[in-house]
Amino acid sequence: MLDALISGKLIKQLELKTSQNGKPYCQFLMAVHIGEPENTVISGIAFGSQAERISKLGKGDAVSVIGALKPTEWQDKATNETKHGLSVTVGNVLSVYDISKKRNADIPDNSTHQDKPPYNVDKPHHKPFDNGIGF
């Protein structure tokens, strides 16, 4: 099994479902551009809070997932050909929605977006990495 970070766009409307033991889950398909004329389609499944987060997104939304990637194989019902693909079990998810939600949380209630510079540049930053190699 491979751990992977995958970014793409959702190609199907999502639906949050509940398992027999009462836990939320969400299955999805995402198109990932890999530098060829066509995109690669990756199927995925998320559980718990990750399923709840990803299910808020819709068809066409950009998303990045981290999880266990594995090859899959199935028989095409129309042609009876063996098809190959990839599937990911999500460990974490990040979307533009998460980023904008975080940015909005950093802005005080009595201010507007114009009051604050973008990306919170007024917050102290960590010192850049310095490995001591002088070139």
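Every value quoted in this text rests on a predicted model; they were computed, and no experiment measured them.

K.L.:
Help me out: how do you make sense of the overall build of the chain in this one?
P.N.:
Regarding its fold elements, the chain presents 2 helices and 6 strands. Each helix (α) and strand (β) of the chain, taken in turn from the N terminus, gives the series β-β-β-β-α-β-β-α. Buried positions account for 27% of the 135 residues belonging to the chain. When the accessible area of the chain is evaluated, it comes to approximately 10200 Å², of which 54% is carbon and sulfur surface.

K.L.:
Teacher, can you tell me more about the nonpolar core here?
P.N.:
The nonpolar side chains of soluble globular proteins are, as a tendency, buried together. In this structure, Ile6, Phe28, Met30, Ile54, Val63 and Val65 are the most contacted members of the largest nonpolar core, which totals 19 residues. For this core, the secondary-structure elements that each account for two or more residues are strand E1 (2-10), strand E3 (24-32), strand E4 (40-47), helix H1 (48-54), strand E5 (62-75) and strand E6 (82-95). Apart from the residues lying within four places of it in its own chain, the contact partners of phenylalanine 28 are Leu10, Leu14, Ile42, Ser43, Gly44, Ile45, Ala46, Ile54, Val65, Val88 and Val90.

K.L.:
So what exactly am I meant to see when it comes to unusual backbone geometry here?
P.N.:
A negative phi angle is the norm for most residues apart from glycine, just as the trans form is the norm for most peptide bonds. Positive phi is not limited to glycine here, since asparagine 80 has a value of about 65°. Taking relative accessible area as the criterion, asparagine 80 reaches 58% and is therefore assigned exposed.

K.L.:
Just to check I follow, could you spell out the environment of alanine 4 for this structure?
P.N.:
Mapped onto the elements of the fold, alanine 4 is located in strand E1. For the pair alanine 4 and glycine 91, spaced 87 residues apart in the sequence, the C-alpha separation amounts to 9.9 Å. Once you skip the residues sitting within four places of it in the chain, alanine 4 turns out to touch Val65, Ile66, Gly67 and Leu69.

K.L.:
Explain the pattern of salt bridges here, please?
P.N.:
When the charged atoms of two side chains lie near each other, side chains of opposite charge can form a pair. Inspection of every chain in the model, using the stated rule, returns 1 salt bridge. In this structure, aspartate 76 engages lysine 83 in a salt bridge whose closest nitrogen and oxygen atoms are separated by 4.0 Å. Using a relative accessible area of 29% as the deciding quantity, one classes lysine 83 as partly exposed.

K.L.:
Honestly, the side chain of glutamine 50 in this entry has me stumped. Any pointers?
P.N.:
Here glutamine 50 is to be found in helix H1. A polar side-chain atom of glutamine 50 sits 3.3 Å from the main-chain amide nitrogen of valine 93.

K.L.:
How should I be thinking about the confidence of the model for the chain in this particular structure?
P.N.:
Parts of the prediction with low pLDDT should not have their coordinates interpreted in detail. Taken over all residues, the pLDDT of the chain has a mean of 81, while the share at 70 or more is 71%. Of all secondary-structure elements in the chain, the lowest mean pLDDT belongs to helix H2 (residues 96-105), at 65, while strand E2 (residues 17-18) reaches the highest, 96. Here residues 115-125 scores under 50 on pLDDT; set against residues more than four positions off or in separate chains, the count is 9 contacts.

K.L.:
Help me understand the environment of lysine 17, please; the structure alone is not making it clear to me.
P.N.:
Structurally, the position occupied by lysine 17 is in strand E2. When its relative accessible area of 34% is taken as the criterion, lysine 17 is described as partly exposed. Taking the C-alpha atoms as reference points, lysine 17 and phenylalanine 47, 30 residues apart in sequence, are found 9.6 Å from one another. Contacts of lysine 17, omitting those with residues within four sequence positions, involve Lys23, Pro24, Tyr25 and Gln27.

Definitions and cut-offs
- Residue numbering note: each chain is counted from 1, following its sequence as written.
- A pLDDT threshold of at least 70 governs which residues receive local features in this predicted model, and a stricter bar of 80 or more applies before side-chain atom pairs are shown or counted, although totals over entire chains, interfaces and linings include all residues.
- Side-chain calculation: all heavy atoms of the structure are included, whereas hydrogens and water are not.
- Numbered from the N terminus, helices here are DSSP runs of H or I no shorter than four residues, and strands are runs of E no shorter than two.
- The classification of residues rests on relative accessible area computed with a 1.4 Å probe and restricted to protein chains. Under 20% of the type maximum is buried, over 50% is exposed, and intermediate values are partly exposed.
- For the area figures, the Shrake-Rupley method with a 1.4 Å probe applies, and any residue is considered shielded solely by the protein chains shown.
- Buried Ala, Val, Leu, Ile, Met, Phe, Trp, Tyr and Cys residues form a nonpolar core when they are joined through side-chain atoms within 4.5 Å.
- We call two residues in contact whenever any of their non-hydrogen atoms come within 4.5 Å of each other.
- Within this document, salt bridges are pairs made up of a side-chain nitrogen of Lys or Arg and a carboxyl oxygen of Asp or Glu, the two lying within 4 Å of each other.
- Here a polar contact is taken to be a pair of N or O atoms separated by no more than 3.5 Å, where protein atoms must pair a possible hydrogen donor with a possible acceptor and residues adjacent in sequence count only if both atoms sit in side chains.
- By definition, pLDDT measures how confident the predictor is in each residue, and it falls between 0 and 100.

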